[in-house]
Amino acid sequence: MTDRENPMSSQPETLKSDTFGRILAVPMPNGATLIRRDLSTAPWWARWLARSLAKREATALARLGGRTGFPRLYGIRRDELDRSFVVGEPMYVAKPTERTYYIDALRRLRIMHRCGIAHNDLAKEPNWLVTRDGKAAIVDFQLATVHQRRGRWFRLLAREDLRHYLKHKRTYRPEALTAREKAILATPAITARVWQQTGKKLYLFVTRKILHWSDREGAGDRGKR
């Protein structure tokens, strides 16, 4: 996404439109930009799911409370969710190799987990941003779960978040992986193994054949283009 801190137009700009509605960049009076999920354009049969995903995102962002490296929740209504725009480049564009980035990315992950949040979608590179100062940001909390207790299920999901972070580190900075990190990468959770054998095939069929998505599509609200 282009930097819209000083937008040329006062009108909302559509960044993405799909089965779950539209993503809009809405200029604010102070010159900043908010990101709005507009669910009103979703077809009736998909709107219940779009609302459920928006509620998940709002719950997670509210728990994070605008901490650095995460979007800030501005508000949620029946068919709209407003959050801040995080300026940065998606990981697959920036291809970060700096040691400091991965230190900061791990810090974001730990902060999120201390808040009782499992992201559940960190395998996607567009959900990791590289900010202007080379720091990490995490976005797109539609699949996130918020846990009151950090029990066994939460710890399993948090470990998968960590494993996906390590997969990206292996891609862009493989020489920095420790022996422990390599061991984590080599032992995916049972849920991940089941997903690979069953759920992922259905997911790919629905997203690519029916919704015509790919893992790097629809990232217009996730960073600088």
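Okay, so let's go over this structure.

What counts as what
- Residues numbered from 1 in each chain as written.
- Predicted model: local features only at pLDDT ≥ 70, side-chain atom pairs only at ≥ 80, totals over all residues.
- Heavy atoms only, no water.
- Helix = DSSP H or I, 4+ residues; strand = E, 2+ residues; numbered from the N terminus.
- Polar contact = N/O pair within 3.5 Å; in protein donor to acceptor, adjacent residues only side chain to side chain.
- Contact = heavy atoms within 4.5 Å.
- Pairing = 2+ DSSP bridges.
- Phe/Tyr/Trp six-rings, centres within 6.5 Å; stacked < 30°, edge-to-face > 60°.
- Buried < 20%, exposed > 50% of the residue type's maximum accessible area, 1.4 Å probe, protein only.

All right, on to the side chain of Gln 142 then. Mapped onto the secondary structure, Gln 142 falls in the loop between β9 (136-138) and β10 (145-146). Only 3.3 Å separates the side chain of Gln 142 from the side chain of Asp 140, close enough to count as a polar contact. Discounting chain neighbours no more than four positions away, the residues touching Gln 142 are Arg 37, Leu 53, Arg 56 and Glu 57.

Read from one edge of the open sheet, 3 strands run β6-β8-β9, paired in antiparallel fashion. Edge positions in the open sheet fall to β6 (89-90) and β9, since each of these has one partner strand only. Of the pairings in the sheet, the one linking β6 to strand β8 (residues 128-130) comprises 2 bridges and is antiparallel in character. Within β8, the position partnered with Glu 89 by the bridge is Val 130.

For the coordinates displayed, the defined rule picks out 4 aromatic pairs. With a centroid separation of 6.4 Å and an interplanar angle of 50 degrees, the aromatic rings of Tyr 102 and Tyr 165 are classed as tilted. Pair noted here: Tyr 102 is in helix α3 (residues 99-114) and Tyr 165 is in helix α4 (residues 152-172), with a separation of 63 residues, a long-range link. The pair Tyr 102 / Tyr 165 is uniform in exposure class, with both members buried. Members of the aromatic cluster, connected to one another through ring pairs, are Tyr 101, Tyr 102, Trp 128 and Tyr 165.

To continue, consider the pairing of strand β5 (residues 80-84). Within β5, 4 of the 5 residues are buried, which leaves it mostly tucked inside the rest of the structure. With 5 bridges connecting them, strand β3 (residues 33-38) and β5 associate as antiparallel partners. Note on β5: the bridge partner recorded for Arg 37 is Leu 81. Relative to β5, strand β4 (residues 73-77) runs antiparallel, the two sharing 4 bridges. Counted as the bridge partner of Leu 73 is Arg 83 from β5. From the end of β4 to the start of β5, which pair antiparallel, there are 2 residues.

As a further point, take unusual backbone geometry. One non-glycine residue, Lys 95, adopts positive backbone phi at about 50 degrees. Within the secondary structure, Lys 95 sits in the loop between α2 (91-94) and α3. Among the residues examined, Lys 95 registers a relative accessible area of 46% and is labelled partly exposed. For Asn 120, which is not glycine, the phi dihedral falls at a positive 70 degrees. Along the chain, Asn 120 turns up in the loop between β7 (117-118) and β8.

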